[in-house]
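Structural features, examined
Take a look at the letters that make up each chain.
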Amino acid sequence: MIIEATGLKGLKSDLAHLDEVTTKLGFVRWQWEYTRATYDFKMEDKASKSVYFLRVNARVESGKLESPYAILFLEDAYIGRETFPHGLDYDSPIPESVLKLSKQKLDQLKQLLAD
């Protein structure tokens, strides 16, 4: 599920700052290559015992990843339910508590990147 109207799409940051801010909020940069990165935030719904991941994609505008000076711009934020063994189901319904936490994290990310 793509989360619309986050205000993040198109925001720019250098890699060092983006990594610092996302780590502070509990995100992990799992997937990356020289031109893009994916930041994941893991959440568990205690009622269903399901695990969800909030993801934010970033693409390089200039430089290459692993250079702290690379400039990245944020793309879509989306959320999915973890499936066995290593996948995400983006079509599953998302519990309200998980959506609420996701939106809080995205708002915090937007605020920290704007500072």
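Anyway, here's the lowdown on the structure attached to this text. Please read all numbers here as calculations on a predicted model, not as lab measurements. (Residues numbered from 1 in each chain as written. Predicted model: local features only at pLDDT ≥ 70, side-chain atom pairs only at ≥ 80, totals over all residues. Heavy atoms only, no water.)

Things to note about the environment of Phe 73
Residue placement: Phe 73 occurs in strand β6 (residues 71–83). For the pair Phe 73 and Ala 16, spaced 57 residues apart in the sequence, the C-alpha separation amounts to 13 Å. Apart from residues lying up to four places away in sequence, Phe 73 is in contact with Gly 10, Leu 11, Lys 12, Asn 57, Ala 58, Arg 59, Val 60 and Glu 61. (Helix = DSSP H or I, 4+ residues; strand = E, 2+ residues; numbered from the N terminus. Contact = heavy atoms within 4.5 Å.)

With respect to helix α1 (residues 15–24)
Because each turn of an α-helix spans 3.6 residues, side chains separated by three or four positions in sequence point in the same direction. Listed as buried for α1 are Leu 15, Leu 18, Asp 19, Val 21 and Thr 22. Two to three positions downstream of the cap, the backbone nitrogen of Ala 16 sits 3.2 Å from a side-chain oxygen, assigning the N-cap of α1 to Asp 14. Directly beyond the C-terminal end of α1, a positive phi value near 95° is found at Gly 26. (Buried < 20%, exposed > 50% of the residue type's maximum accessible area, 1.4 Å probe, protein only. Polar contact = N/O pair within 3.5 Å; in protein donor to acceptor, adjacent residues only side chain to side chain.)

Brief notes about the packing of aromatic side chains
Enumeration according to the criterion identifies two aromatic pairs in this entry. Judged by centre distance (5.5 Å) and plane angle (45°), the ring pair of Phe 27 and Phe 41 falls under tilted. Note that Phe 27 is positioned in the loop between α1 and β3 (28–32) and Phe 41 in strand β4 (residues 36–45), a separation of 14 residues in sequence. The burial state of Phe 27 is the same as that of Phe 41; both residues are buried. (Phe/Tyr/Trp six-rings, centres within 6.5 Å; stacked < 30°, edge-to-face > 60°.)

Thoughts on the pairing of β4
Of all the ten residues making up β4, seven are buried; the element is thus mostly covered by neighbouring parts of the structure. Taken together, the four bridges between β3 and β4 define a ladder with antiparallel strand orientation. Residue Val 28 lies in a different strand from β4, and its bridge partner there is Asp 40. What sits between β3 and β4 in their antiparallel hairpin is a turn of three residues. (Pairing = 2+ DSSP bridges.)

Some thoughts on the packing of α1 against helix α2 (residues 96–114)
Where α1 meets α2, the closest approach of the two axes is 10 Å, and the angle between their N-to-C directions is 145°. Here the hand of the crossing between α1 and α2 comes out right-handed. Mapping the contact onto sequence places His 17, Leu 18, Val 21, Thr 22 and Lys 24 in α1 and Leu 109, Leu 112 and Leu 113 in α2. (Axes fitted to C-alpha atoms, helices over the stretch in contact; angles between N-to-C directions. Left-handed = near helix turned anticlockwise from the far one by under 90°.)

With respect to the environment of His 86
Relative to the helices and strands, His 86 resides in the loop between β6 and β7 (87–89). Spatially, the C-alpha atom of His 86 lies 28 Å from that of Gln 108, the residues being 22 residues apart in sequence.

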